[in-house]
Amino acid sequence: MKFLTLIFLLFINLFGAELVDISQKPKAALEAIENQAIRFGTGEMSKVYVFVDPLCEFSRALMKKIYENKILQLSNSYYVLFYRLPILDSEHMMQYILESKNPKETLIKVMIDEEIIDVSKYKAKPKTIKIIKEIAKVASTLDMTKRPYMISFDKDSKFCRVSEGSVSCLDEFE
C-alpha cells in the first residue's frame, strides 16, 4: 500500500506542472525571468512587466515617465526587460546595459538621458546572451508586436492587463 501511495504522489509531482491554471501560465513565465529584469519602484499594488527596446523612441518615452513619476514607483513595481524590435539593431546595446556594473544606472543613461554610446563592437558573455534569449522566449509567447509592451498583475489578482493585443491571461474564457 505504501508503494502505491508513493507511486501516486510521484505521478502527481511529475504531472502537477501541467495542471497549472491556464491563466497562471503567463504570470509564472514572467516570474521565472523576473530576476533578469531591471526594477524600478517598490510599490506592491501592481507588478508591471515592461518589455522595451533600448533604442526605441516609444520605449524611451515610457521609461522617462516611469522614472520621473515617483508616485507610480511608490505604488507599483516595474520590471524592465529587454526585447529587441526586429527593425532596430539593439542587441549589442541590450548586452552592454545588462553587463554594466550598474545596469539600472546604465539604462537611465541610455534610455532617459539619451547618451550616445558606441557598442557596435561590443562582445557579450555567453551568460548574457542566454538571458536575452530566455526573455525573448517568454516574450514570444505573449504575441507582442510593439514596444513598449506592458503586462500588469494587480496584487492578489490572477488576471492581468496588457498594453496591446488580446489579454493572454484570459485565454481560458475564449
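Rules used throughout
Residues numbered from 1 in each chain as written. Predicted model: local features only at pLDDT ≥ 70, side-chain atom pairs only at ≥ 80, totals over all residues. Heavy atoms only, no water. Pairing = 2+ DSSP bridges. Helix = DSSP H or I, 4+ residues; strand = E, 2+ residues; numbered from the N terminus. Axes fitted to C-alpha atoms, helices over the stretch in contact; angles between N-to-C directions. Contact = heavy atoms within 4.5 Å. Phe/Tyr/Trp six-rings, centres within 6.5 Å; stacked < 30°, edge-to-face > 60°. Buried < 20%, exposed > 50% of the residue type's maximum accessible area, 1.4 Å probe, protein only. Salt bridge = Lys/Arg side-chain N within 4 Å of Asp/Glu carboxyl O.

So, on to the sheet that holds strand β2 (residues 46–52). Strand order in the open sheet made by the 5 strands is β1-β3-β2-β4-β5, with mixed pairing throughout. Pairing within the sheet leaves two strands with one partner each, and these edge strands are β1 (38–40) and β5 (160–162). For this sheet the average axis-to-axis angle between neighbouring strands, irrespective of direction, equals 20°. As defined by bridge partners, β1 adjoins strand β3 (residues 76–82) across 3 bridges and the pair is classed as antiparallel. The residue bridging Arg39 from the neighbouring strand is Tyr79, located in β3. Its contacts with the sheet place helix α2 (residues 25–33) against β2, β3 and β4 (149–154), and it is angled at close to 70° to β2.

Right, let's talk about the packing of aromatic side chains for a bit. One pass over the structure, following the stated rule, counts 6 aromatic pairs. Plain terms: the ring middles of Tyr49 and Tyr79 are 5.4 Å apart, the flat faces sit at 25° to each other, and that makes the pair stacked. Of this pair, Tyr49 sits in strand β2 while Tyr79 is found in strand β3, placing the two residues 30 residues apart along the sequence. Pair check on accessibility: Tyr49 and Tyr79 agree, each one buried. Ring centres of Phe51 and Tyr83 lie 6.4 Å apart, and the angle between their planes is 80°; this geometry places the pair in the edge-to-face category. You can see Phe51 sitting in strand β2 and its partner Tyr83 sitting in the loop between β3 and α5 (91–99), a full 32 residues away along the chain.

As for its placement among the helices and strands, Ser90 is situated in the loop between β3 and α5. Take Ser90: its relative accessible area is 0%, and that puts it in the buried class.

Moving on, we get to unusual backbone geometry. Going from Arg147 to Pro148, the amide bond is cis rather than trans, its omega being 0°. Tracing the backbone shows Pro148 in the loop between α7 (126–141) and β4. Located in the positive-phi region is Glu114, a residue other than glycine, with phi close to 55°. Following the sequence through the fold, Glu114 ends up in the loop between α6 (103–112) and α7. The backbone of Asp143 shows a phi angle near 55°, a positive value even though the residue is not glycine. As for its placement among the helices and strands, Asp143 is situated in the loop between α7 and β4.

Along β3, 7 of the 7 residues are buried, which leaves the element largely enclosed by surrounding structure. With burial as the criterion, each face of β3 is covered, one bearing Asn76, Tyr78, Val80 and Phe82 and the other bearing Ser77, Tyr79 and Leu81. The pairing of β2 with β3 spans 7 bridges and is classified as parallel. Bridging across to β3, Tyr49 finds its partner in Tyr79.

Right, let's get into the pattern of salt bridges. Overall, the coordinates contain 5 salt bridges when judged by the stated rule. A salt bridge links Glu114 to Lys64, with the nearest nitrogen and oxygen atoms 2.7 Å apart. Within this pair, whereas Glu114 is found in the loop between α6 and α7, its partner Lys64 is found in helix α3 (residues 57–68), the two being separated by 50 residues in sequence. Of the residues examined, Glu114 reaches a relative accessible area of 40% and is grouped as partly exposed. A salt bridge links Glu105 to Lys109, with the nearest nitrogen and oxygen atoms 3.8 Å apart. Placement of both Glu105 and Lys109 in helix α6 is noted, with a separation of 4 residues, approximately one turn of the helix. Residue Lys109 is classed as partly exposed on the basis of its relative accessible area of 32%. Look at the salt bridges and you will find they share partners, linking Arg60, Lys64 and Glu114 into a network.

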